[in-house]
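Here is what each chain is made of, one letter per residue.
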Amino acid sequence: MRKNLLVIQFVFALFLGSKSNAQTADDIQNIALLLGDALFFSEQYIQPATDAAIYQSSSGWIVSPKKKERWKVTLGLHFNAFFVPKRDREFAIQNSDFSFFEIEGATSAVVPTAMGNSNQVYLIGEIGGEQVRLETPRGVDQEAIVYPYLQGTIELPYGFEFIGRYSTKTKLKKGYYQVYGFGLKHNFSQYFSKLEAKKINFAFATVYSNEEISFDFLDINTAYGNLGINKLRSTVDTFHFIFSASKEFKKFELISNLIVNTSNFEYIVSGQKGEIEEIIPLQQTINSLLETIAERKTNVIGEISGRYQFDKFYLQSSFAFGKFANLNIGVQYQF
């Protein structure tokens, strides 16, 4: 964090010093400290949401490990429900966490994460002789986040299957969520006739997905104008490696999946640029600093699924579990 503050101070000194002699060294220092606090807060605020995004995008990729007839197409409408655990809905802050801000009327407080409620506190500071008063951002205030998406598959030669998924931007309170992706599945129980005779199926899939999640963030007004960091967006690139096994019981298929995925997280502030951009490219500066909290994570997720056939229609429900719990329900049609 100290290294980040030094970078901000250097950039601000370079720009403010050349633009105006009226800006004091104290103001430069305070804006640098403010941005350092914003960087700290952004990581605590959005991290539970990006962790949840991985689970939201991991479920339901393999509708069945079974090998189908070549060029068979399946289209489905799915609804995904992610259950927000209480432990990820809030986090504690205290004055010692901040270099610029103080908590108004208190030394510590509990504030919502992006997955939390709408409770807020005020953080205060001073720049250019004027008070800076910040209302902490609200969470989605939902116990379950539900979004629909379309998914399709096409059976290829040699037991391969192409998978595609797309959702429109699902509106959340104070933000949105979107996911899309594609992958390739290969059935390998086809090489063992005894398994096929017993209606036992095995497959492996490699899938790429992109998740994007955005929230209203920090609307900060200063003596130099609005800072223009009132939107915080995270993009998550995930590679899923899925081992799937199933057993058929007439028209019902019981499926179990083991999902191992690795994700890259990136964070970006956006929204309408503030007046301070006339003096310094602040969004560009803080986005460069947000690169320092970008990270890679690996998750291991279990999934149990049941699929029932009605003629050419299939009704499927899947439950994924691990750090979080996720429910997926879909209706599919096989052409």
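Quantities reported herein were computed from a predicted structural model and do not represent experimental measurements.

**Structural notes on the sheet that holds strand β3 (residues 102-103)**
- Taken in spatial order, the three strands of this open sheet run β3-β5-β6, and their pairing is antiparallel. Taken across any chain shown, the strands that pair with only one partner, and hence form the sheet edges, are β3 and β6 (130-135).
- Across six bridges, the pairing between strand β5 (residues 122-127) and β6 is antiparallel. Residue pairing across strands places leucine 123 opposite leucine 134, the latter belonging to β6.

**Here we look at the pairing of strand β7 (residues 144-155)**
- Two elements, strand β1 (residues 73-83) and β7, share eleven bridges in a ladder whose sense is antiparallel. When the sheet's bridge partners are listed, valine 73 is paired in β7 with isoleucine 154.
- Two elements, β7 and strand β8 (residues 160-166), share six bridges in a ladder whose sense is antiparallel. Looking across to β8, one finds that glycine 152 is bridged to glycine 164.
- In textbook terms, the turn of a hairpin is the stretch between consecutive antiparallel strands, and for β7 and β8 this stretch comprises four residues, one of which, tyrosine 158, has a positive phi near 65 degrees.

**Re helix α4 (residues 282-290)**
- Of all nine residues that make up α4, seven are buried, and the element is covered over most of its length.
- Those residues of α4 that fall on the buried side of the exposure criterion are Leu282, Gln283, Thr285, Ile286, Asn287, Leu289 and Leu290.

**Quick word on a nonpolar patch on the surface**
- On the surface, Phe249, Phe252, Leu254, Ile304, Tyr308, Phe310, Phe313, Leu315, Phe319, Phe321, Ile329 and Val331 cluster together into a nonpolar patch covering about 1,100 Å² of accessible area.
- Among the elements of the structure, β15 (252-270), β16 (295-310), β17 (313-321) and β18 (325-334) are those that each provide at least two residues to the nonpolar patch.
- Looking at which element gives the most residues to the nonpolar patch, the answer is β17, with four residues.
- Looking at the element boundaries, leucine 254 is found in strand β15.
- The exposure class of leucine 254 is partly exposed, given its relative accessible area of 42%.

**Examining the layout of surface pockets**
- Estimates place the volume of the largest pocket at around 290 Å³.
- As for the largest pocket, its lining consists of 18 residues, and the residues nearest its centre are Lys66, Glu248, Glu253, Gln309 and Tyr314.
- For the lining of the largest pocket, the elements supplying multiple residues, two or more each, are β14 (229-249), β15 and β16.
- At three residues, the largest contribution of residues to the lining of the largest pocket is made by β16.
- Residue classes in the lining of the largest pocket are distributed as four nonpolar, three polar and eleven charged.
- Listed by contribution, the elements that provide at least two residues to the lining of the second largest pocket are β6 and β11 (200-218).

**Let's talk about the nonpolar core**
- Within the largest apolar cluster, 69 residues are counted, with the highest numbers of intra-cluster contacts made by Leu34, Ile93, Phe215 and Ile229.
- Of the residues forming this core, the biggest block, 15 residues, is contributed by helix α2 (residues 25-58).
- With near-sequence residues (within four places) excluded, isoleucine 229 lies in contact with Ala38, Phe217, Leu218, Ile220, Val269, Ser270, Leu282 and Ile286.

**Brief notes about unusual backbone geometry**
- Despite not being glycine, tryptophan 71 shows a phi value in the positive range, around 70 degrees.
- Topologically, tryptophan 71 is positioned in the loop between α2 and β1.

**Remarks on the pattern of salt bridges**
- Inspection of every chain in the model, using the stated rule, returns ten salt bridges.
- With its nearest N and O atoms 2.9 Å apart, the salt bridge here joins glutamate 104 to arginine 133. With glutamate 104 in the loop between β3 and β4 (108-112) and arginine 133 in strand β6, this pair connects stretches of sequence that are 29 residues apart.
- Overall, the relative accessible area of 34% leaves glutamate 104 in the partly exposed class.
- Take arginine 133: its relative accessible area is 42%, and that puts it in the partly exposed class.
- Residue lysine 231 is joined to aspartate 216 by a salt bridge in which the shortest nitrogen-to-oxygen separation is 2.5 Å. With lysine 231 in strand β14 and aspartate 216 in strand β11, this pair connects stretches of sequence that are 15 residues apart.
- For lysine 231, a relative accessible area of 32% corresponds to the partly exposed category.

**Structural notes on the confidence of the model for the protein**
- Put simply, the protein has an average pLDDT of 87, and 92% of its residues get 70 or more.
- Here helix α1 (residues 2-19) stands out as the element of the protein with the lowest mean pLDDT, 51, in contrast to β8, whose mean of 98 is the highest.

Reading guide: rules and limits
Residues numbered from 1 in each chain as written. Predicted model: local features only at pLDDT ≥ 70, side-chain atom pairs only at ≥ 80, totals over all residues. Heavy atoms only, no water. Pairing = 2+ DSSP bridges. Helix = DSSP H or I, 4+ residues; strand = E, 2+ residues; numbered from the N terminus. Buried < 20%, exposed > 50% of the residue type's maximum accessible area, 1.4 Å probe, protein only. Patch = residues over 30% accessible without salt bridge, like charges linked within 9 Å, V, L, I, M, F, W, Y side chains within 5 Å. Areas by Shrake-Rupley, 256 points an atom, 1.4 Å probe, with all protein chains shown as cover. Salt bridge = Lys/Arg side-chain N within 4 Å of Asp/Glu carboxyl O. 1 Å grid on protein atoms, 1.4 Å probe; cavity = no way out; pocket = protein on both sides within 12 Å on 5 of 7 lines; lining within 4 Å. Points joined across faces, edges and corners; volume = space filled by probe spheres on them. Nonpolar A, V, L, I, M, F, W, Y, C, P; charged D, E, K, R; others polar. Core = buried A, V, L, I, M, F, W, Y, C linked by side-chain atoms within 4.5 Å. Contact = heavy atoms within 4.5 Å. pLDDT = per-residue confidence, 0-100.

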